[in-house]
Amino acid sequence: FKSAGLSTAPYAVVDAKKPLGEKIAPASAEGHYNRGARYQQEGKGAEADKENQKAVELKPDFFPAYYNLGVLYNQTGRPKEALAAYKKAAQLKPDFARVHLALFNLYYHQFKMKNLARRHARRYVELEPDSSQAKVLANWLYPNLNKTAD
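Given the structure is predicted, the values throughout are model-derived calculations rather than measurements.

J.: Quick rundown of the packing of helix α1 (residues 29-41) against helix α3 (residues 63-75)? Include the residues and the values.
T.: Two elements in contact, α1 and α3, have axes whose closest approach is 11 Å; the angle formed by their N-to-C orientations is 25°. The angle between α1 and α3 places the two elements in the roughly parallel class. The handedness of the crossing between α1 and α3 is left-handed. Of α3, the residues touching α1 (which contributes Tyr33, Ala37 and Gln40) are Pro64, Ala65, Asn68, Val71, Leu72 and Gln75. By residue class, the composition of the contact of α1 with α3 is six nonpolar, three polar and no charged.

Structure representation (structure tokens):
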């Protein structure tokens, strides 16, 4: 089983209509998060990490910053940190499908923990049943579902 087509992307900015980090109080969690999202888009990982960390310091239940930290850590080869950030994001927003896809990828590919991978794959399929990624996962989870008897 390969993860082809099973990708995760950073979470969007808090208010896409406003310039990043502006018109939202710059010292607020949202301001730090927006700057972190911009740095992440620009490939400035250290700066993105710092801004997202500041966002969660100011607002410990700020889901988008935890999710983006997971994406950043995963992209920079820090799977244990990515796992911790994604788990916190999933705890804060359990119905956000992409976090379950990210957890599936980590558990399956990095940690070789198939039972936990299956749990998150199932949750993703439940939340996004019509997505192409869910169909790939459903074929992996239930390989005999669409086969006909001889």
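J.: Help me get a handle on the nonpolar core, residues and values and all.
T.: With 38 residues, the main nonpolar core has Tyr67, Tyr86, Val99, Phe104, Leu137 and Trp140 as its most contacted residues. Those elements that provide at least two residues to this core are α1, α2 (45-58), α3, α4 (79-92), α5 (97-110), α6 (114-127) and α7 (132-141). Sort the elements by how many residues they give to this core and α5 lands first, with nine residues.

J.: Which residues make up unusual backbone geometry, and what are the values?
T.: Negative phi characterises most residues that are not glycine, and trans characterises most peptide bonds. A positive phi angle, near 55°, is found at Lys112, a position not held by glycine. Its place among the elements puts Lys112 in the loop between α5 and α6.

J.: Can you explain the environment of Pro64? Please cite residues and give values.
T.: Relative to the helices and strands, Pro64 is located in helix α3. Relative accessible area serves as the criterion here: at 12%, Pro64 is assigned to the buried category. Spatially, the C-alpha atoms of Pro64 and Asn52 are 8.8 Å apart, while their sequence positions differ by twelve residues.

J.: Account for the packing of aromatic side chains, with residues named and values stated.
T.: Tallied over the entire structure, the rule returns eight aromatic pairs. With 5.2 Å between their ring centres and 85° between their planes, Tyr67 and Phe96 make a pair best called edge-to-face. Here Tyr67, found in helix α3, pairs with Phe96, found in the loop between α4 and α5; they are 29 residues apart in sequence, far enough to count as distant. Exposure remark for Tyr67: the relative accessible area of 0% places this residue in the buried category. Aromatic ring contacts, followed pair by pair, group Phe63, Tyr67, Tyr86 and Phe96 into a single cluster.

Reading the values: the criteria
- Note on numbering: residues in each chain are counted from 1, in written sequence order.
- Per-residue local features of the predicted model are confined to residues with pLDDT of at least 70, and side-chain atom pairs are confined, for both listing and counting, to 80 or more; whole-chain, interface and lining totals are unaffected and use all residues.
- Water and hydrogen atoms were dropped before computing side-chain values, which therefore reflect all heavy atoms in the structure.
- Throughout, an axis means a line fitted to C-alpha atoms (over the contacting stretch in the case of helices), and angles, computed between N-to-C directions, take values from 0 to 180 degrees.
- A helix here means a DSSP run of H or I that spans at least four residues, while a strand means a run of E at least two residues long, and both kinds are numbered starting from the N terminus.
- Oblique is the label for any angle not under 35 degrees, not over 145, and not in the 65 to 115 range, which are roughly parallel, roughly antiparallel and roughly perpendicular in turn.
- A crossing counts as left-handed when the near helix is turned anticlockwise from the far one by less than a right angle, and as right-handed when that turn is clockwise.
- The contact criterion used is simple: two residues touch if any of their non-hydrogen atoms lie within 4.5 Å.
- In this classification, the charged set is Asp, Glu, Lys and Arg, the nonpolar set is Ala, Val, Leu, Ile, Met, Phe, Trp, Tyr, Cys and Pro, and all remaining amino acids, among them Gly, are polar.
- Put simply, buried Ala, Val, Leu, Ile, Met, Phe, Trp, Tyr and Cys residues joined by side-chain atoms within 4.5 Å make one nonpolar core.
- Exposure is judged per residue with a 1.4 Å probe applied to protein chains only, and the accessible area is read against the type maximum: over 50% gives exposed, under 20% gives buried, and values in between give partly exposed.
- Centres within 6.5 Å make a pair out of two Phe, Tyr or Trp rings, where for Trp the six-membered ring is used; the pair is then stacked when the planes are under 30 degrees apart, edge-to-face when over 60, and tilted otherwise.

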